[in-house]
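Results of the structural survey
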Amino acid sequence: MTDELYAMPASAGQERMYLIHQMHRGHTPFHITGALRIRGPMDAAALADALNTVVQRHEALRTVLRLDRTGQLLQVIRASSPVELTREQVHPAAVVRRVEDFARTPFDLDRGPLVRAALLGLGTDDHVFAVVIHHAAADGWSLGVLLDDLGAAYRARLLGREPELPDLPLQYADYAVWQREQLDSGAFDGQLAFWRRTLDGARGLRLPSDGPAEGRATQVSAQMTLAASEHADLDTYARSRGATTFMVLVAAFAATFTAWSGAADLVLVTPVAGRTQPDLDRVVGLFSNTVALRVDTAGDPTFDELVGRVRRTCLDAFSHQDVPFERVAEALAVRGRRPEPVARVMVAYGNTPPAAARPFPGASVEPVELPANTGGLDLAAALDPAPDGGIRGYLTGDGSLFGEATVGRVARAVNAVLDDAAALGGLRLSELPLPVGAER
């Protein structure tokens, strides 16, 4: 096509997203969605213009994926790829469902664009701006970058000026070149050897399923919340164990999953930002990686002891986080066996930077809370520090496996441990208030 700038081999993450897209056409577990509630005056034309300014700024948002004649996947960067701002009126009570419906529409990775946006009118001077990006073009961190740049461009357009955004020294294609050079040179061989040892014999965590049920949603979610005081107590407990809040979160989930399933060898996965250079912090693209945490709960340890085990596991895993998870899976399969996927259950916490104010002149702006996406996994927890000092998020399950009651029960069990972790630290896992096994 005449508007194409150049083509180059895709990154490892893009290869994985393309393969999954081809295998599961019509399914949309790899769409990244964000929405902002904007109360105040809104200039839709200026917003549409600002959106296209941001798309022009970030090559990843102008990229499509195609196979060449040899079967190699290429990322093809276009000179321009205008994005239409969909506009419609929505009842305030139906806005979350409308955003979810908007996010479910599949993308065409061969033709693009891989981003779309909508401005939903809820009433006079009351709107929701929603943006959806395919994971092949961006990650969760990128969503914040896009919204920050959008706010700056929108304010400039209202004043009739060109946005004064800082130049980007690198684009996503530069990162893809670096990653391929590292893979081809053997720079990740030591990390691959670590993962072969660590995940030898590991199996994906299979949690007890409720079985199929007619009328169940594709995904079922339960909200998880810690108040500011509970978050402060959790942080204090974590520091007393030489750990982080994330490590205690993982331990609470691991204890719950052991009580629920009876398994003592658990593999949980978690996303990492993958932005190893400051020059990449303000670039849209698929930099995030997945890291496996193999947690041992055998021997009925105390919760304090489990936190210590998780701490050691996390430190080892994060020091070997550079190799793409796709290559880890390939390395495990090289041994002549075809193991089932180890990535079935995810725990994510605060792996994106805090949101900037992103003010729209004369308007108040707040994020619209959306249920987490399972990303094709059986169960996924996505938690973040909240503006009020607490922790908020969702536990989301595959609706073909779990009912809403089960996901809610598991979320409450984890919350019970996190609410009082310091007092429960000396108790063995079998003594924790985790009735998920008995209720099942």
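Residues numbered from 1 in each chain as written. Predicted model: local features only at pLDDT ≥ 70, side-chain atom pairs only at ≥ 80, totals over all residues. Heavy atoms only, no water.

**Considering the overall build of the protein**
Helix and strand counts for the protein stand at 13 helices and 14 strands. Relative to a compact globule of 440 residues, whose C-alpha radius of gyration would be 22 Å, the protein shows 22 Å and is just as compact. With respect to the principal axes defined by its C-alpha atoms, the protein has extents near 65 × 55 × 45 Å. For the protein, with 440 residues in total, the buried portion stands at 52%. Across the protein, the fraction of contacts at a sequence separation of at least 24, relative to all contacts at a separation of at least 6, is 78%. In the protein, 43 side chains carry a positive charge and 54 a negative one; their mean positions are 4 Å apart. (Helix = DSSP H or I, 4+ residues; strand = E, 2+ residues; numbered from the N terminus. Rg over C-alpha atoms; globule rule 2.2 N^0.38 Å. Buried < 20%, exposed > 50% of the residue type's maximum accessible area, 1.4 Å probe, protein only. Contact = heavy atoms within 4.5 Å. Lys, Arg positive; Asp, Glu negative; His and termini not counted. Charge placed at Lys NZ, Arg CZ, Asp CG, Glu CD.)

**Structural notes on the nonpolar core**
Of all hydrophobic cores here, the largest spans 76 residues; its most connected members are W195, F253, F257, F303, L306, L379 and L395. The biggest single contributor to this core is helix 8 (residues 245-261), with 12 residues. Leave out the neighbours within four places in its chain, and F253 touches M224, V347, A381, L383, L395 and V414. A137, Y172, V283 and V284 belong to the second-largest nonpolar core, a separate cluster that totals 66 residues. (Core = buried A, V, L, I, M, F, W, Y, C linked by side-chain atoms within 4.5 Å.)

**Description of the sheet that holds strand 3 (residues 63-67)**
Spatially, 3 strands are ordered 1-4-3 in an open sheet, and the strand pairing comes out antiparallel. This sheet does not close on itself; its edge strands, each paired only once, are strand 1 (4-9) and strand 3. Strand-to-strand, the axes of this sheet are offset by a mean angle of 30°, without reference to chain direction. Where strand 3 lies against strand 4 (residues 73-78), 5 bridges are found, and the strand directions are antiparallel. (Pairing = 2+ DSSP bridges. Axes fitted to C-alpha atoms, helices over the stretch in contact; angles between N-to-C directions.)

**Some words on the pattern of salt bridges**
Pairing is possible between side chains of opposite charge, provided their charged atoms come close. Inspection of the entire model under this criterion finds 20 salt bridges. Close ionic contact of D49 with R157 constitutes a salt bridge, the shortest N to O distance being 3.1 Å. Here R157 lies in helix 4 (residues 140-158) and D49 lies in helix 2 (residues 44-57), a separation of 108 residues in the sequence. Taking relative accessible area as the criterion, D49 reaches 36% and is therefore assigned partly exposed. (Salt bridge = Lys/Arg side-chain N within 4 Å of Asp/Glu carboxyl O.)

**Here we look at helix 6 (residues 189-198)**
Buried residues of helix 6: Q191, L192, F194 and W195, and no others. Down the axis of helix 6, the smallest arc covering the buried residues is 155°, so these residues share one side. Among the structural elements, strand 10 (289-296), helix 9 (303-318) and helix 10 (325-333) are those in contact with the buried residues of helix 6. (Arc of directions from axis to C-beta.)

**A short note on the sheet that holds strand 7 (residues 126-134)**
Spatial ordering of the open sheet is given by 5-6-7-2-12, a layout of 5 strands whose pairing is mixed. Each edge of the open sheet is held by one strand with a lone partner, namely strand 5 (85-89) and strand 12 (364-367). On average, each strand axis in the sheet is inclined to that of its neighbour by 20°, with strand direction left out of account. Relative to strand 6 (residues 115-123), strand 5 runs parallel, the two sharing 5 bridges. Residue pairing in the sheet places E88 in a bridge with L120 of strand 6. Strand contacts of helix 4: strand 2 (31-39) and strand 7, with the helix running at about 135° to strand 7, the strand carrying the most contacts.

**Considerations on the side chain of R57**
For R57, the location among the structural elements is in helix 2. With residues up to four places along the chain from it excluded, the contact list for R57 reads D149, L165, P166, L168 and Q171.

**A closer look at helix 10**
By the burial criterion, the buried members of helix 10 are F325, E326, R327, V328, A331 and L332. Buried residues along helix 10 sit against helix 1 (12-23), helix 5 (172-185), helix 6 and strand 10.

**A few points about empty space enclosed by the protein**
Rolled over the atoms, a probe with the dimensions of a water molecule shows which regions are left empty. Enumeration according to the criterion identifies 3 cavities of 30 Å³ or more in this entry. Size it by volume and the second largest cavity reaches roughly 50 Å³. Along its surface, the second largest cavity is lined by M224, T225, L226, L249, L383, I391, R392, G393, N415 and L418. At the level of secondary structure, the elements contributing two or more residues to the lining of the second largest cavity comprise strand 8 (219-226), strand 14 (391-398) and helix 11 (404-419). Taken together, the residues that form the lining of the second largest cavity break down as 6 nonpolar, 3 polar and 1 charged. (1 Å grid on protein atoms, 1.4 Å probe; cavity = no way out; pocket = protein on both sides within 12 Å on 5 of 7 lines; lining within 4 Å. Points joined across faces, edges and corners; volume = space filled by probe spheres on them. Nonpolar A, V, L, I, M, F, W, Y, C, P; charged D, E, K, R; others polar.)

**As for the environment of V365**
As for its position among the elements, V365 is in strand 12. As for V365 and V128, which are separated by 237 residues in sequence, their C-alpha atoms are 9.4 Å apart.

**A look at the packing of aromatic side chains**
Considering all chains together, one arrives at 12 aromatic pairs under this definition. Summarising the aromatic geometry, the rings of Y175 and F287 are spaced 4.8 Å apart at their centres and angled 65° between planes, so their arrangement reads as edge-to-face. You can see Y175 sitting in helix 5 and its partner F287 sitting in the loop between strand 9 (265-272) and strand 10, a full 112 residues away along the chain. Y175 gets classed as buried once you look at its relative accessible area, which sits at 10%. Classification of F287 as buried rests on a relative accessible area of 1%. Relative to F257, the ring of F253 lies with its centre 5.8 Å away and its plane at 45°, an arrangement referred to as tilted. (Phe/Tyr/Trp six-rings, centres within 6.5 Å; stacked < 30°, edge-to-face > 60°.)

**Description of the environment of D3**
Within the secondary structure, D3 is located in the segment before strand 1. Distance from D3 to M23, taken between C-alpha atoms, is 29 Å for residues 20 residues apart in sequence. Excluding residues that lie within four positions of it along the chain, D3 makes contacts with R78, A79 and S80.

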